[in-house]
Amino acid sequence: MLLQEKTFSLLELASVREDGSITETLRDTLRYAQKADELGFERFWLAEHHNMEGIASSATSVLIGHIAGGTERIKVGSGGIMLPNHPPLVIAEQFGTLASLYPGRIELGLGRAPGTDAITMRALRRDMRSADDFPQEVGLLQQLLAPLKPGQKLKAIPGAGTEVPIWLLGSSLFSAQLAAQKGLPYAFAGHFAPRLVREALHVYRENFQPSEVLDKPYAILGIPLIAADTDAEARYLATTSHQRILALLRGQPLWLKPPVEEMTPLWSPEEEAAVKDFLGLAVVGGPDTVREDLEALCRELPIDEFMFTIDVYDPAVRMRALEIVVNLRTTE
């Protein structure tokens, strides 16, 4: 019954295939979201990244609107908006508009990291020290999305009164502590930074203070997932993700590449270790292996929800992965 007690969601980067286009990618992303909606996934979040060839989710708010408009039930949000890149008023207006168009379905996940490099941060016209203001800017966003108060000078229109749900995202202890202090739900970025997962979840739960939006802690764990019909097929498919992280470590474009039979010629032993460390929480396998690994994580970590990042080259095969994961909840 362990998996039946957990919520399943998806994190999406709108990954561009090596031989594909951004137009094709965004079309496939919508179809992927529609399949997730049909299968009963809870939420579909899009990550903000800039200046990265191979990732097409940079205009995150625009893409959220596109996905929400093409689906019916699933909650659509940011995983996350990198707040140092944006004035809080602009984000409040954007998400207030989205929430007005799709009531009850829009969520605002916030990250403290810029999600890019220094050159791109300057191009975004943001102060390089703005991450230090993250707690204050989260508080301002909460005010802007709350109902208007008498005499309030600064207003987000649309935005005020929409009370868009805010989540704090992180890969370290900072956001875990802040989410606990503010009584907000928390998502740990285990899909790329698994090292501090245990400490962060412990800090969040031990220090949680109930709030108007949440009476007890609620934690999401993001993990990489490759689910296939057999373990061998899943390991083969996972080489796409391996090649992508290898490219990231080398400072190369992050195109999705076709899977390969053998990674040994492509990386050094040191690079192999670094890639596998990066993907330390990855779950890769056929149905039985995936179930066992997810249940082990359920027993080990105090989480309420899984958010899967599924980097698979073939869109049809990625759809199949969704079916496999959902079926695990009905075959326990």
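Residue indices begin from 1 for each chain and proceed along its sequence in written order. Thresholds applied to this predicted model are a pLDDT of at least 70 for local features of residues and 80 or more for the giving and counting of side-chain atom pairs; totals over whole chains, interfaces and linings are not thresholded and use all residues. Side-chain metrics rest on all non-hydrogen atoms present in the structure, leaving aside hydrogens and water.

**Concerning the overall build of the protein chain**
- In this text, helices come from DSSP runs of H or I with a minimum length of four residues, and strands from runs of E with a minimum of two, each type numbered from the N-terminal end. Of the regular secondary structure elements, the protein chain holds 11 helices and 9 strands.
- Computed over the C-alpha atoms, the radius of gyration of the protein chain is 19 Å, within 12% of the 20 Å expected from 2.2 N^0.38 for a compact globule of 332 residues.
- Across the 332 residues that make up the protein chain, the buried fraction comes to 52%.
- Contact between two residues is taken to exist if any of their heavy atoms lie within 4.5 Å; hydrogens are not considered. Within the protein chain, contacts between residues separated by at least 24 positions form 73% of all contacts whose residues are at least 6 apart in sequence.
- Residue burial considers only the protein chains on display, and all accessible areas are found by Shrake-Rupley using a 1.4 Å probe. Entry remark: accessible area of the protein chain is about 14800 Å², with carbon and sulfur atoms responsible for 53%. For a compact globule the rule gives 2.2 Å times the number of residues to the power 0.38, and the radius of gyration it is set against comes from C-alpha atoms. Only protein chains enter the accessibility calculation, which uses a 1.4 Å probe. A residue is then buried if its area is under 20% of the maximum for its type, exposed if over 50%, and partly exposed in between.

**Concerning the packing of helix H1 (residues 22–39) against helix H2 (residues 60–69)**
- Every axis corresponds to a line fitted to the C-alpha atoms, with the helix fit spanning only the stretch in contact, and the corresponding angles, defined between N-to-C directions, vary from 0 to 180 degrees. Direction vectors running N to C along H1 and H2 enclose 50 degrees, while the axes themselves pass 9 Å from each other. In terms of axis orientation, H1 runs oblique to H2. For H1 against H2, the interelement crossing comes out right-handed. Taken together, the residues of H2 that come into contact with H1 (itself represented by Leu 26, Thr 29, Leu 30 and Ala 33) are Leu 63, His 66 and Ile 67.
- For this classification, the nonpolar set comprises Ala, Val, Leu, Ile, Met, Phe, Trp, Tyr, Cys and Pro, the charged set comprises Asp, Glu, Lys and Arg, and every other residue, Gly included, is treated as polar. Residues of the contact of H1 with H2, tallied by class, amount to 5 nonpolar, 2 polar and no charged. Orientation labels follow simple angle bins: below 35 degrees gives roughly parallel, above 145 gives roughly antiparallel, 65 to 115 gives roughly perpendicular, and whatever is left gives oblique. Crossings are assigned a handedness: left-handed for a near helix turned anticlockwise from the far helix by less than a right angle, right-handed for a clockwise turn.

**A closer look at the nonpolar core**
- As used in this record, nonpolar core signifies buried Ala, Val, Leu, Ile, Met, Phe, Trp, Tyr and Cys residues forming a set joined through side-chain atoms within 4.5 Å. In this structure, Leu 108, Leu 110, Phe 306 and Phe 308 are the most contacted members of the largest nonpolar core, which totals 81 residues.
- Not counting residues within four places of it along the chain, the set of residues in contact with Leu 108 comprises Ser 78, Ile 81, Ile 91, Phe 95, Leu 141, Leu 145, Val 164, Pro 165, Ile 166 and Trp 167.
- Of all hydrophobic cores here, the second largest spans 12 residues; its members include Leu 11, Ala 47, Ala 187 and Ala 247.

**Let's talk about helix H3 (residues 88–101)**
- In a helix, the anticipated span is given by 1.5 Å times the number of residues less one. Compared with the 20 Å implied by 1.5 Å per residue over 14 residues, the 20 Å span of H3 between its first and last C-alpha is a close match.
- Within H3 the residues assigned to the buried category are Pro 88, Ile 91, Ala 92, Phe 95, Gly 96, Leu 98 and Ala 99. Across the axial projection of H3, the buried residues extend over an arc of 160 degrees, all falling on one side.
- Along its buried surface, H3 packs onto H2, strand E3 (75–82), strand E4 (106–111) and helix H5 (134–145). The reported arc concerns the directions from the helix axis to the C-beta atoms and nothing else.

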